[in-house]
Structures are given as structure tokens and as C-alpha cells.
Amino acid sequence: MTSAEIESPLMSDHFINYKSKTKIKLELYANLIRFYAKNSIPDFILNLNDLAGSSIGKGHNKDDTSSYLILYTYIKNPNNPSSKRKRITYELSYSQYSTYEQNLIHVSKWHSQLDNILKKRLYSHSDKLKPFLVLVNPNAGSGKAKNIYFERVCPIFSEANLSDVLVFTQQQNFAREYVKEAKLDDFAAILVISGDGLMHEVINGLMERKDWPTAIKTPLGHIPGGSANALSCCVAYLSKEVFKGMSIESFAAQTCFNLTKSLANPLDLVAFELSDRRIVHSFLSFEWAIIADVDLESEKYRFLGGMRFALGAVKRIINLRVYRGRFSFVPADDYLDYEPKDSSIKINRQKSPIDFNDGGSEEMESKFKHLSPLDKPVPNNWLTIEEDFVLFLVTYLPLISSDFLASPQATFNDGHMHVIFIKQGITKTELLKLFANTENGDHLKHHLVEYVKVKAFRLEPIGLVSNGQVDTSNRGIMMVDGESVPTGPIQAEIMPSLGNILANLKE
Ligand SMILES: Nc1ncnc2c1ncn2[C@@H]1O[C@H](COP(=O)(O)OP(=O)(O)OP(=O)(O)O)[C@@H](O)[C@H]1O
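Residues numbered from 1 in each chain as written. Predicted model: local features only at pLDDT ≥ 70, side-chain atom pairs only at ≥ 80, totals over all residues. Heavy atoms only, no water.

1. Examining the overall build of the protein chain
In terms of regular secondary structure, the protein chain is built from 12 helices and 25 strands. Out of the 507 residues in the protein chain, the part that is buried amounts to 57%. Considering only residue pairs separated by 6 or more positions, the protein chain has 71% of its internal contacts joining residues 24 or more positions apart. Accessible surface, the protein chain as shown: approximately 22500 Å² in total, 51% of it carbon and sulfur. (Helix = DSSP H or I, 4+ residues; strand = E, 2+ residues; numbered from the N terminus. Buried < 20%, exposed > 50% of the residue type's maximum accessible area, 1.4 Å probe, protein only. Contact = heavy atoms within 4.5 Å. Areas by Shrake-Rupley, 256 points an atom, 1.4 Å probe, with all protein chains shown as cover.)

Set out below in C-alpha cells:
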């Protein structure tokens, strides 16, 4: 027996379903509404997790004294929990009293009771009445973000009785500067309608504030509006919601509905020290070798949306590049005995006693737990691999695009970076097959794909390898969260649970 069955309803009333013209009894509980047509057994149970909100309406006929309760639901097929959500509205007329005013007063009680229950579930830690700050990049992806805001997001916010402050970004780094100066206390959360690049800007803007330790705790939400939209895919994947096989508009609407049901969840961020000594913060990935080449080179196919990556990958595999590099890392505790699948990969394990900040400085020690200055050797307890790499990818969320489940083990705050690399030796055919197997994470089973979980790493790119020669003038492209950074020695450390991401995680 569920707790709702032993509780008495908060409200119970008879309505007429406007569409079917049938009588219906509704019982409201803390988590659900029961719909009874004839029997004492409910015909339908609406979980309040599937309800965006309600509104009050009046009939068109001037003699109609009834008042209407309208429910906006986004329901999955009950027989298929992994189905898309479908919007269904229930228009329920109430006419127990003889005047419209009396009926309206009673329906208003339902509306405010529902609003209170739904808002209580939102951001329980913050002020319910604060608006969202919504940042929209009108030029993201194939240029749909503005329409997504007006046609998909606004209607759901209105159904859920949520308010927002809209800001269109005007150029690169606009959002970064905006959140650096914004009065964050005025907002419940920051929502980004764009690709992953704009979220990267927002996170870095927050980290550049004087009050960054509190600023970075502002809950962040992502609504897909760009081409890859990896963060929205990860939120949907970890919330057990569909994210494939639907248009960006439907995906955005579903994501927006889920945001109205979301709570703030701790999010791992990664601090990078770039070769020019700048510090940037990242939520998604670091790419070098083939993935970075594809990401940058496929920019010119942005009009294709997500398809741009598939096209770029095929082109780059045909003209495969190999880069020599030195990869040093602090393995996660469960990877201390890490051995590569390919026995020809040699790991340099320092035997000298562990010294965390060997050659480090006080400044580095105060900022980082593992990193020493970039111009000094890595500490003694790090492991080092020097190889010719075809692929080198670090992720801290599961997906880098809707069809690339790079690290199935990753969660929002598992406290680690997940490194995948492939060294020279893989054939073009094998690589093509492997790229076709990334949707379910099956690439990790391939004997030439290496995987290691780390807390910190350093990558020193050496040069492009061709015909046994190393061209040190070409060290490839490096990308953090899909944004180019200067190529050169780079290092990174995980910052466990530093940020907060909005997601409706199911138990
Ligand atoms: N109004 C704007 N006009 C032009 N560029 C902008 C504007 N606002 C932001 N930008 C920049 O556009 C770049 C791309 O944005 P974003 O990553 O959000 O979309 P995308 O690249 O289309 O999507 P994805 O990252 O999913 O592939 C970012 O570097 C961002 O700083």
C-alpha cells in the first residue's frame, strides 16, 4: 500500500471533462492526482512529476457559469518508460455553484494548491519566486535557439507559472562578461539555450568573479540550441529521458519540461592550466588528435546540425593523422594498478617515494591538490606514457554528442576524468567500425581502445608523425568543451562537485 492510499486527499471534487463531456472525480494528493470516472478504482493516476502546471479558464458561452481547471501534462507511454513525452491538456469544468464567481473561487483553490505543491519541488534550497536568467545564443548551431525560446520554452514556462529574464548574447564572450557582472542573487538559476560553448563561457564567467566560490554554486540548466548539445544529452541520459531520434525543437521542449521538475545536483568541473598559463574551467571534455580535428574541421558544416560530426569523422579517417605525445596522470584509486590492454604500451612508473608537489610551488599547492607548475616535471607518483596517438579524449560526463557515449561510467559527480586513447596501429577500417560503435559505449570493448580513470593529467604534444618523422611544428588541435585552446603542454585536475546542474534524476 502506498502512502497516498492511506492518506486522505488534499482536495476532492467533481468536474466534467470538456473533451469527453463525461463526469469525472479528481482527488489531489501530495504526489499525484487520481481520476475516477465511474468506479471506486481510479481510471487514471497522474503523477505530479508529469504535470507542468495548471491554469484557470472560462467558457466561451456567456451563460456558462462554470470555471475551468486546465492541466498541462507531459506524459510518457506507461508501457514504455523510455518513450518521448507527449503533451496532453485536460480541460475540466467545475459547476457545483450557481454563479461563475463562486466556481472560479473554488477552481482557484485547486490552481494555487497545485502551484504550491509543484513549486515546493523546485530548487528546495532557493527562493521560489526568483526568475531564471535565460541566455540565448541566436547564432548557435543552425540558428534555431531564438525560435526554441519563443515557441518551446515560453509556453512551458507559462504553463508552469515560472518567470524569466531573457538575454540574447551579441557575440563571443558576451555571456561570460554578463555573468561576471550579474546580480546572481536575483535569479533562481541560469539557463543556457545554445550549444555547449555558451555553457563553457558561463562557467568561466562565474569562476572569474571575486565571489566565485558562491557564484559557481548557481544552478545551471541547458536547453539544446546548438549542434552537439552534449550537456543536454548527458542530463537526459542520466535522467533516463529520451534524447535521440527527435527534432531539436522536441528535444528542447522535453528538456524545458524536465527543467521545471529539476533539482540542483552537484557537478564535477575540471580546472585546466593551458600552455599560455591561463586557467580555464571545463564541464565536458578535452579533445586532441582525431576528435579535436573533426570537431574543428566540421565547424564549416554547422548547417547540418549533429550530422556534421559524422561527415567530418569520415573525411579525417580517410586522411588519418598520428600525433606523438607524452601523457602523464594520477590514476583514480581503483586504477592504481592500471595496465594498458595493448602490452606494447609502456608505462613509466617512478619508483621513488611519493612526493605530491615535488618541484611545486606554494601557489600551485594552494590551488591544486595534484598539479605542479607546468614548466616543472610531474610529481614522482604520476604515471607516464609516451606514444604515437590516433585518438585522445578525456570526458567527465558520459556523452560528447547524442551518438557518442564516450564514458558510460561517468556521472555528474563521480569525481574523476575518463581518458580514452588509441595509439598508432589501428587500421582505417577498424577505426570506421569503431566510430560506428560509439552509440552504446561499445568502442570501449575494442582491444585497441585504452581506458583509464584519472584525477589529474598532463599532456605534452610532441608533433605530427609521418613516415617515421616527427614534425614538431604541427602538434595538432586541442579543445576544451569543444572550444579551441592553444596547443602545447596542458594539465588538468578534477574539482569534485564544484558546480551545480539542474536535472530531474529519478531514483
Ligand atoms: N551572439 C553570438 N554571435 C556569435 N557567436 C556567439 C554569440 N553568442 C555566443 N557566441 C559564441 O558562439 C560559439 C558557439 O556557441 P555554442 O557552442 O553555444 O553553439 P554551437 O557551437 O552551435 O553548438 P555545439 O557546441 O553544441 O556544437 C561560442 O564560442 C560562443 O561563445
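2. Re the domain arrangement of the protein chain
We note that the domain assignment places domain 1 (3–121), domain 2 (132–261) and domain 3 (273–499) within the protein chain. Just the C-alpha atoms count here: the centres of domain 1 and domain 3 sit 52 Å apart. (Domains from an automatic or database assignment.)

3. Brief notes about the pattern of salt bridges
Opposite charge on two side chains makes pairing possible when the charged atoms of those side chains draw close. Scanning the entire structure with this criterion turns up 27 salt bridges. A salt bridge links Glu297 to Arg321, with the nearest nitrogen and oxygen atoms 3.5 Å apart. Note that Glu297 is positioned in helix α9 (residues 290–297) and Arg321 in the loop between α10 (307–318) and β15 (322–331), a separation of 24 residues in sequence. Given a relative accessible area of 27%, Arg321 falls into the partly exposed group. What emerges from the salt-bridge pattern is a single network uniting Asp50, Lys76, Arg85 and Glu241. (Salt bridge = Lys/Arg side-chain N within 4 Å of Asp/Glu carboxyl O.)

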